[in-house]
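Inside the fold
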Amino acid sequence: RTDYKKIINEAEEKIWIIDNYYNKQSLELLVFTLDWDKTNVTDIRILTSTRAKGFNDNQFRDFFTNIKKELAETYDPVIDIQMKVITNNLIKKYGKTHDRYFLSSRLDNSFTYASEAYVFDQTNTISRLKDVKRGETVEQNFEKLWTDSGALDFLKDGEKLSEREMFKATCSDCSNECEVP
């Protein structure tokens, strides 16, 4: 638990997150872990996918909107937070990103991590990218995905995201019926 908080709070200038399953709980974890009054982070970008639970949920969108507004109005310099959704077309174009990444301006403070549900679990592994592989490659892939016109803005492209064709399915975990893109 201490390691995660320490790593998050050692981020400088930027926090870029790649997490195909980023959801409201993930955002809550970031919001309640980062010491906003002490950080010099001004750029937060989150890439998620249509596979994220609740990515099209109004509660998630409202929470994100409120956080974005609060960060812009409360802090000087302004802390800008943005989120984009990777569509299936981008996954086909660039390949699937399986791991979850936290990128900071400092390579030694960039890492892979487990989902928010397991981040404080004793068996969770948080691995610094400099120890795993070249972090620059992950950052380059992030930038390619982020700047591609197929990456939909979580707030601005809400209608496009909600228009996505959904299919009925059965959850493999709980056997409840659900809809998936």
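In what follows, the accompanying structure is described. (Residues numbered from 1 in each chain as written. Predicted model: local features only at pLDDT ≥ 70, side-chain atom pairs only at ≥ 80, totals over all residues. Heavy atoms only, no water.)

What follows concerns the nonpolar core. Proteins that are soluble and globular tend to have nonpolar side chains buried together. Core analysis: the biggest nonpolar cluster contains 33 residues, and Ile 15, Tyr 22, Leu 27, Trp 36, Ile 44 and Ile 46 have the highest contact counts within it. Secondary structure elements with two or more residues in this core: helix 1 (2-9), strand 1 (14-18), helix 2 (24-33), strand 2 (43-49), helix 3 (58-74) and strand 3 (80-86). Counting residues per element, this core draws most heavily on helix 3, which supplies 5 residues. Among all residues touching Leu 27, those that are not within four sequence positions of it are Tyr 22, Ile 46, Phe 60, Phe 63, Phe 64 and Ile 81. (Core = buried A, V, L, I, M, F, W, Y, C linked by side-chain atoms within 4.5 Å. Buried < 20%, exposed > 50% of the residue type's maximum accessible area, 1.4 Å probe, protein only. Helix = DSSP H or I, 4+ residues; strand = E, 2+ residues; numbered from the N terminus. Contact = heavy atoms within 4.5 Å.)

Tallied over the entire structure, the rule returns 4 aromatic pairs. When the ring of Phe 64 is compared with that of Phe 154, the centres are 5.5 Å apart and the planes differ by 90 degrees; the resulting orientation is edge-to-face. Separated by 90 residues along the polypeptide, Phe 64 in helix 3 and Phe 154 in the loop between strand 7 (152-153) and helix 7 (158-162) bring together distant segments of the chain. Seen in terms of ring centroids, Phe 142 and Trp 146 are 5.6 Å apart; in terms of plane orientation they differ by 10 degrees. Their pairing is stacked. Of this pair, Phe 142 and Trp 146 both sit in helix 6 (residues 135-147), 4 residues apart, which is roughly one turn of that helix. One exposure class covers both Phe 142 and Trp 146, and it is buried. One residue, Lys 24, lies across the ring of Phe 63, its end atom 5.4 Å from the ring centre. Against the face of Trp 146 rests Lys 84, its NZ or CZ located 4.8 Å from the ring centre. (Phe/Tyr/Trp six-rings, centres within 6.5 Å; stacked < 30°, edge-to-face > 60°. Lys NZ or Arg CZ within 6 Å of the ring centre and 35° of its normal.)

Below, the discussion takes up the pairing of strand 2. Most of strand 2 sits out of view: 6 of its 7 residues are buried. Inspection of the sheet shows strand 1 paired to strand 2 by 5 bridges, in the parallel sense. Across the sheet, the residue bridging to Trp 16 is Arg 45, located in strand 2. In this fold, the crossover linking strand 1 to strand 2 by way of helix 2 has right-handed handedness. Taken together, the 7 bridges between strand 2 and strand 3 define a ladder with parallel strand orientation. Looking at the pairing, Ile 44 lines up with Ile 81 of strand 3. As for the winding sense of the linkage, the β-α-β connection from strand 2 through helix 3 to strand 3 is right-handed. (Pairing = 2+ DSSP bridges. Right-handed = clockwise from strand over helix to strand, strands pointing away.)

With that settled, consider helix 3. An ideal rise of 1.5 Å per residue puts 24 Å on 17 residues; helix 3 measures up with 24 Å between its terminal C-alpha atoms. Of all the residues in helix 3, the buried ones are Phe 60, Arg 61, Phe 63, Phe 64, Ile 67 and Leu 71. Summarising the axial view, the buried residues of helix 3 lie within an arc of 165 degrees, below the 170-degree limit, and thus occupy one face. Opposite the buried face of helix 3, by more than 90 degrees, sit the exposed residues Asn 58, Gln 59, Lys 69 and Glu 73. Summarising the contacts, the buried residues of helix 3 are in contact with helix 2, strand 2, strand 3 and helix 7. (Expected span 1.5 Å × (residues − 1). Arc of directions from axis to C-beta.)

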